[in-house]
Amino acid sequence: MSKYRADGGSACGCPVHGPCAHNARTAPAAPRDTLLAPPATTTAAPAPDTGRRRTAGVLAVPAIPGLLALALGLWGVARDGAAWRDEAATWQVARRSLPEIWHMLDTVDVVHGLYYVLIHGVFELFGASLPALRAPSVLAMAATAVCTAAVGRRLAGPWVGVAAGIALALHPDMQRYAQEGRSYALVAAAVALATWLLVGTAAPVAGTRPTRCLRWSAYAATLLAAAYLNWFSLLLLPAHAITVLVAHRRGARHLLAPWTAAALVAVAGALPLIAASYPQAGQISWIQPVTWTTLAALAAVLSAAVICARLPYGPAARTAAAARMTPASVGLPLLAAPQLGLFLASFVKPLYVERYVLFASIGFALLLGTGIAAGVHALPVRGGLALVATTVIAFLALLPVELHLRSATSRTDDVMATAEKVASVARPGDGVLFLPALRRDTASVTPSAFTGLHDLALAEDPISSGTLEGIEAGPGAIRAAVLAQPRVVLVTDPDVAPADLASEREATKRRVLDEHFTRTGTWKVGGRLVETYERAVHSGGGQQLEPLSATSMPSTAVLFLRAAPCSGRR
């Protein structure tokens, strides 16, 4: 295969089609009897293995990046047994029954409902473990690399395809979310597949009418699946709209109507999810307003992408003017539109978090792949050798980042390590408090570490209440329950945000510990604090205060003294 062919199966140099129709139109017509006659005896028969070699070459383009992404995803996937708070939410919800998950979605996390059901099925088949939790993300990121390579090959030839797929597999953000038990890698895979389906429609005659309808139906279904994994993926639509409009101006006038219909179907199908998630918008109140440094970072990435897109590269440079879709017309909108759209929306309500538009990195990989292919072919060595050397150099340059991503300290916190510390410092019969209540995920993920402890603030557990953190008692009942305990274990954050103390419940926990208990131990473990408290002594008498008896307390408070042990929850 020549490295300057635009497509593994195209001899005309067209980056969109296979063997191109316009070559057939411009070639002189053969006489009828020539067309029907058997081949001349002087024509050399093709080598028997030529077709097999060509097929192997076509398959190698997506296979190489896919296998690389799979290997990187499996490398250190257990992350020393660590799991951070977002993964803790997936873990505890996926271990509930389907009716319990459905009950929870009425209250919280409806945007992740489809993903929770998927992981529930994985746990049912393979058991609950961290590798099982992350395996769908590993496989999804490998599929993303495969689709990205296939898109690059179709747009600008096999070298761009391989380079784009490798660039995506090595991208630090993609490596990170390939090993997280959240939906972002699956969203990226759906977006990459939708982009591949869209690019395949650029040919003037893309199969028969049923085939074209099937492809557009698959495109709409893929968009809808991505939306139900995270409806921020609908920010892909402005990017694809730009790509389709550019192709329309270049002569692909058959795309606009079916694309519009498919996009409308996807949006209409996602509207129920969007409407259901609106009352739960308080879940993202933690997102900070965007800053101009964020815009500067986006501008830097876009500038680098534009430079890569403008580098001359073999057939892509020669045929870009005639091509309906190019790496630039697909990659630039995919990189820019989702990120800039979420950035601008954040001036109305803070929404911008990079992982919400992780799929935009697919566009960057396509453009970077074009730049890498141009650079590889400018070197005075074989293209394959230069690409392998480039990949190895990039891997080694990123090695410190890659090793950190696979360490237990790479995320915000580690609920597993925190639970282990609680188990080592708690005594049977101790009370436990979580400040804020969301830190109860420590017990929900590892209930065995809390065996014999009493959750002093909990009135209704997370499963029966259909929540992630459960429902806590009122401030008065919490105060009475805490004062009835001689020793309390507190699980909290190193720096508790003022917003976490805004409610009277949370403020009561802090106040009663400060006023009536003495802190006897503090450990910072897994990004969280574990503290032990014992009843304070009188400043004058020097004797420890006796715990309040049930008879000396209001009857309404006695109920909350009998909190169920944490080991009774999943």
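Residues numbered from 1 in each chain as written. Predicted model: local features only at pLDDT ≥ 70, side-chain atom pairs only at ≥ 80, totals over all residues. Heavy atoms only, no water.

With that settled, consider the packing of aromatic side chains. The final tally for this structure, using the stated rule, is 12 aromatic pairs. Put simply, the rings of Tyr177, Tyr184, Trp231, Phe232 and Tyr356 pair up and form one aromatic cluster. Stacked on the ring of Trp84, the Lys or Arg Arg176 has its end atom at 5.7 Å from the ring centre. Arg535 extends its terminal NZ or CZ atom over the ring of Phe517, reaching a point 5.6 Å from the ring centre. (Phe/Tyr/Trp six-rings, centres within 6.5 Å; stacked < 30°, edge-to-face > 60°. Lys NZ or Arg CZ within 6 Å of the ring centre and 35° of its normal.)

The five strands lie next to each other as β2-β1-β5-β7-β6, forming an open sheet whose pairing is mixed. At either end of the open sheet lies a strand with only one pairing partner, and these are β2 (454-455) and β6 (517-525). Relative to strand β7 (residues 528-535), strand β5 (residues 487-492) runs antiparallel, the two sharing six bridges. If you follow Val488 over to β7, its bridge partner there is Tyr533. Against the sheet, helix α24 (residues 504-516) contacts β1 (431-435), β5, β6 and β7, and its axis sits at roughly 130 degrees relative to β1. (Pairing = 2+ DSSP bridges. Helix = DSSP H or I, 4+ residues; strand = E, 2+ residues; numbered from the N terminus. Contact = heavy atoms within 4.5 Å. Axes fitted to C-alpha atoms, helices over the stretch in contact; angles between N-to-C directions.)

Below, the discussion takes up the pattern of salt bridges. Close approach of charged atoms allows side chains of opposite charge to pair. Evaluated as defined, the whole model comprises 19 salt bridges. Where Glu87 meets Arg134, a salt bridge forms, and the shortest distance between an N and an O atom there is 2.8 Å. Of this pair, Glu87 sits in helix α4 (residues 85-94) while Arg134 sits in helix α7 (residues 130-156), and the two are 47 residues apart along the sequence. Looking at Arg134, the relative accessible area reads 0%, which means it is buried. Overlapping salt bridges bring together Arg440, Asp455, Glu472, Glu506 and Lys509 as one network. (Salt bridge = Lys/Arg side-chain N within 4 Å of Asp/Glu carboxyl O. Buried < 20%, exposed > 50% of the residue type's maximum accessible area, 1.4 Å probe, protein only.)

The next subject is the nonpolar core. In terms of nonpolar packing, the biggest core is built from 102 residues, with Tyr116, Tyr219, Trp259, Met325, Leu342 and Phe359 touching the most fellow members. The element best represented in this core is helix α10 (residues 184-199), accounting for 12 residues. Discounting residues that sit within four places of it in the chain, Tyr219 has contacts with Ala194, Leu197, Leu198, His240, Trp259 and Ala262. Counting residues in hydrophobic clusters, the runner-up holds 16 residues, among them Leu435, Ala477, Val482 and Leu490. (Core = buried A, V, L, I, M, F, W, Y, C linked by side-chain atoms within 4.5 Å.)

What follows covers the packing of helix α8 (residues 158-170) against helix α18 (residues 383-397). Where α8 contacts α18, the axes come no closer than 11 Å and their chain directions differ by 10 degrees. One finds that α8 runs roughly parallel with respect to α18. Seen from α8, the contacting residues are Trp159, Val162, Ala163, Ile166 and Leu170; seen from α18, they are Gly383, Gly384, Leu387, Thr391, Ala394 and Phe395. (Parallel < 35°, antiparallel > 145°, perpendicular 65-115°, else oblique.)

The next thing to look at is helix α17 (residues 361-378). Every α-helical turn comprises 3.6 residues, leaving residues that sit three or four positions apart pointing alike. Here α17 is 18 residues long and its end C-alpha atoms lie 25 Å apart, about the 26 Å a rise of 1.5 Å per residue gives. Counting buried positions along α17 yields 14 of 18 residues, so the element is predominantly enclosed. (Expected span 1.5 Å × (residues − 1).)

Attention now goes to the packing of α4 against helix α6 (residues 113-126). Two elements in contact, α4 and α6, have axes separated by 9 Å at closest approach and are oriented at 65 degrees. With respect to the hand of their crossing, α4 and α6 are arranged in right-handed fashion. Contacts between α4 and α6 involve Ala89, Thr90, Trp91, Val93 and Ala94 from the former and Tyr115, Tyr116, Ile119, His120 and Phe123 from the latter. In terms of residue class, the contact of α4 with α6 is made up of eight nonpolar, two polar and no charged. (Left-handed = near helix turned anticlockwise from the far one by under 90°. Nonpolar A, V, L, I, M, F, W, Y, C, P; charged D, E, K, R; others polar.)

The next thing to look at is unusual backbone geometry. A cis geometry characterises the amide bond from Leu435 onward to Pro436, with omega recorded as 0 degrees. Inspection of the secondary structure puts Pro436 in the loop between β1 and α21 (441-445). A positive phi is found at Arg79, a non-glycine position, where the angle reads about 50 degrees. Along the chain, the position of Arg79 falls in the loop between α3 (50-74) and α4. Positive phi values are uncommon outside glycine, yet Asp80 reaches one of about 55 degrees.

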